[in-house]
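Analysis of the macromolecular model
The primary structure of each chain is shown beneath.
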Amino acid sequence: MTLTAGVPREPVRGWRKVPEGLSARVPAEQRGPGRGRDDVRLLVSRGTAVAHHAFRELPGLLRAGDVLVVNTSPTLAAAVDGRVGHARVVVHFSTRGDDGRWAVELRDPDGAGTSRARAGGPAGSRVRLPGGVRLTLEEPLARGSGRLWWARVSPGGAVPGLLREYGRPIRYSYTERDQPLSVHQTVFALPAGDGSGSAEMPSAARPFTSALVTELVSRGVQFAPVTLHTGVASAEVHEPPYPERFAVSEASALLIGAVRAGGGRVIAVGTTAVRAVESAADADGVVRARAGWTDLVVTPARGVRVVDGLLTGLHEPEASHLLMLEAVAGRAAIERGYDEALDARYLWHEFGDLHLILPEESPDTSHCFGN
């Protein structure tokens, strides 16, 4: 199976660079005594109007009848050390194929606990992994890109056990140290029977706690679970996402339809949730139960058919995810929000602060929101 990547993002002109000091180097709960996962800040955009909140104030910013679309994909311990000949490599397991192969990325260890880009391939390359597992690269995942390769492991079916015993969560250089897998799981994560999961955490949901979910439910906010197993991001060149496996159940499709019919808002928790639910929508915006592979890249030209709002992390100016944000809110709103986030020194990346993008208020609905 050969898959084609989506539309590349054009360079952003005029956007301010994110200072290195604004990278969240450790999770919120490790930044001081008594802190929890939900001790992050929340930037709220309604059109070009911006407000600052604590994430714990989220229940007061939503309405009874709204639905949050959440990704239940579990995070995998997807990084494993290996050797190609005498050279040490780090293998990032990205995506499980329908034929049992895995899409993988080979990287060079950098001596600081993280890794750097490495030329992919060639076909036939073999990697020795712990536990007697062998990995053979077969073909590039996408035409014209050698970063990710389809690879076969022997003995067959060894990957889930390999990751459980020898894997660790993928870590990038802006973080301070390795973290246990539990730090990378969200409250919505559910194990997959075939060992599938996300190579990188669906991080917009990370600050949710059981107590916050309970409060949201008590206020009449509903949850629609979907699944999208996200692959390895391109840390160096910010490629758009490759095709990924997703599933939207009949129950979630019906709930989203009922909320829309009743005048509620569909708010996705993370770009992965947007990609899943928009992939399950017909041209008229009706969400159907669907499962399989999606190569959808949400852009301003394509627009969104289902999603009214988005809760997401803060993305670098080169990130392809910004196209999706612009599709939801428009470029002016995203530029305004990001300028405000930089001025107020919000924290970026998976352990950082969040951005809630809501529709602009009309005068007769402004009283429905907390402030």
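These numbers were taken from a predicted model, which means no experiment stands behind them.

It is worth spelling out the nonpolar core at this point. Grouped burial of nonpolar side chains is what soluble globular proteins tend to show. If you look at the biggest cluster of nonpolar residues, it comprises 41 residues, and the most contacted ones within it are Val 69, Ile 256, Val 287 and Trp 348. In terms of residue count, the dominant contributor to this core is helix H6 (residues 321-329) (5 residues). Dropping the residues within four chain positions of it, Val 69 is found in contact with Ala 224, Val 226, Ile 256, Val 266, Ile 267, Ala 268, Val 269, Ala 273 and Val 277. Counting residues in hydrophobic clusters, the runner-up holds 28 residues, among them Ala 79, Val 90, Val 159 and Tyr 172.

Let us now look at unusual backbone geometry. Residue Pro 155 is bonded to the preceding Ser 154 through a cis peptide linkage, with omega at 0°. For Pro 155, the position within the fold is in the loop between strand E10 (145-154) and helix H2 (159-166). Of note, the phi angle at Arg 345 is positive, near 60°, even though the residue is not glycine. As for its placement among the helices and strands, Arg 345 is situated in the loop between helix H7 (331-343) and strand E16 (354-358).

Two side chains bearing opposite charge may form a pair once their charged atoms approach each other closely. Per the counting criterion, the structure on display carries 24 salt bridges. For Asp 194, the salt bridge is made with Arg 96, and the minimal N-O distance between the two is 3.5 Å. Of this pair, Asp 194 sits in the loop between H2 and helix H3 (210-218) while Arg 96 sits in strand E5 (residues 87-96), and the two are 98 residues apart along the sequence. By relative accessible area, Asp 194 is classed as partly exposed at 30%. Judged by relative accessible area, Arg 96 falls into the partly exposed class, the value being 23%.

Contact geometry of H6 with H7 gives a least axis separation of 7 Å together with a crossing angle of 115°. Between H6 and H7, the residues in contact are Leu 322, Leu 325, Glu 326 and Ala 329 and Arg 331, Ala 333, Ile 334 and Tyr 338, respectively. Residues of the contact of H6 with H7, tallied by class, amount to 6 nonpolar, no polar and 2 charged.

Strands sit in the order E2-E1-E16-E15-E13-E3-E11-E12-E14 across an open sheet of 9 strands; the sheet is mixed. Edge positions in the open sheet fall to strand E2 (49-54) and strand E14 (290-294), since each of these has one partner strand only. When the angles between neighbouring strand axes are averaged without regard to direction, this sheet yields 20°. Looking at chain direction, strand E3 (residues 67-71) and strand E11 (residues 222-228) are connected through 5 bridges and run parallel. By the bridge assignment, Val 67 is partnered in E11 with Gln 222.

Moving on, we get to the packing of helix H5 (residues 271-279) against H6. Two elements in contact, H5 and H6, have axes whose closest approach is 11 Å; the angle formed by their N-to-C orientations is 65°. Our classification of the angle between H5 and H6 gives roughly perpendicular. Relative to H6, the crossing made by H5 is left-handed. Across the interface between the two elements, Thr 271, Val 274 and Arg 275 from H5 touch His 321, Met 324 and Leu 325 from H6. Classifying every residue of the contact of H5 with H6 by side-chain character gives 3 nonpolar, 2 polar and 1 charged.

On any regular strand, side chains alternate: one points to one face of the sheet, the next to the other face. Extensive coverage of E5 is indicated by the burial of 7 of its 10 residues. Sheet analysis places strand E4 (residues 79-84) next to E5, joined by 6 bridges and oriented antiparallel. Looking at E5, one finds that Val 84 is bridged to Ala 87. Relative to strand E6 (residues 102-109), E5 is paired through 6 bridges, and the arrangement is antiparallel. In the strand pairing of E6, Val 90 is matched with Arg 107.

Parameters and conventions
Residues numbered from 1 in each chain as written. Predicted model: local features only at pLDDT ≥ 70, side-chain atom pairs only at ≥ 80, totals over all residues. Heavy atoms only, no water. Core = buried A, V, L, I, M, F, W, Y, C linked by side-chain atoms within 4.5 Å. Buried < 20%, exposed > 50% of the residue type's maximum accessible area, 1.4 Å probe, protein only. Helix = DSSP H or I, 4+ residues; strand = E, 2+ residues; numbered from the N terminus. Contact = heavy atoms within 4.5 Å. Salt bridge = Lys/Arg side-chain N within 4 Å of Asp/Glu carboxyl O. Axes fitted to C-alpha atoms, helices over the stretch in contact; angles between N-to-C directions. Nonpolar A, V, L, I, M, F, W, Y, C, P; charged D, E, K, R; others polar. Pairing = 2+ DSSP bridges. Parallel < 35°, antiparallel > 145°, perpendicular 65-115°, else oblique. Left-handed = near helix turned anticlockwise from the far one by under 90°.

It is worth stressing that arrangement in space is one thing and function is another; only the former is reported here.
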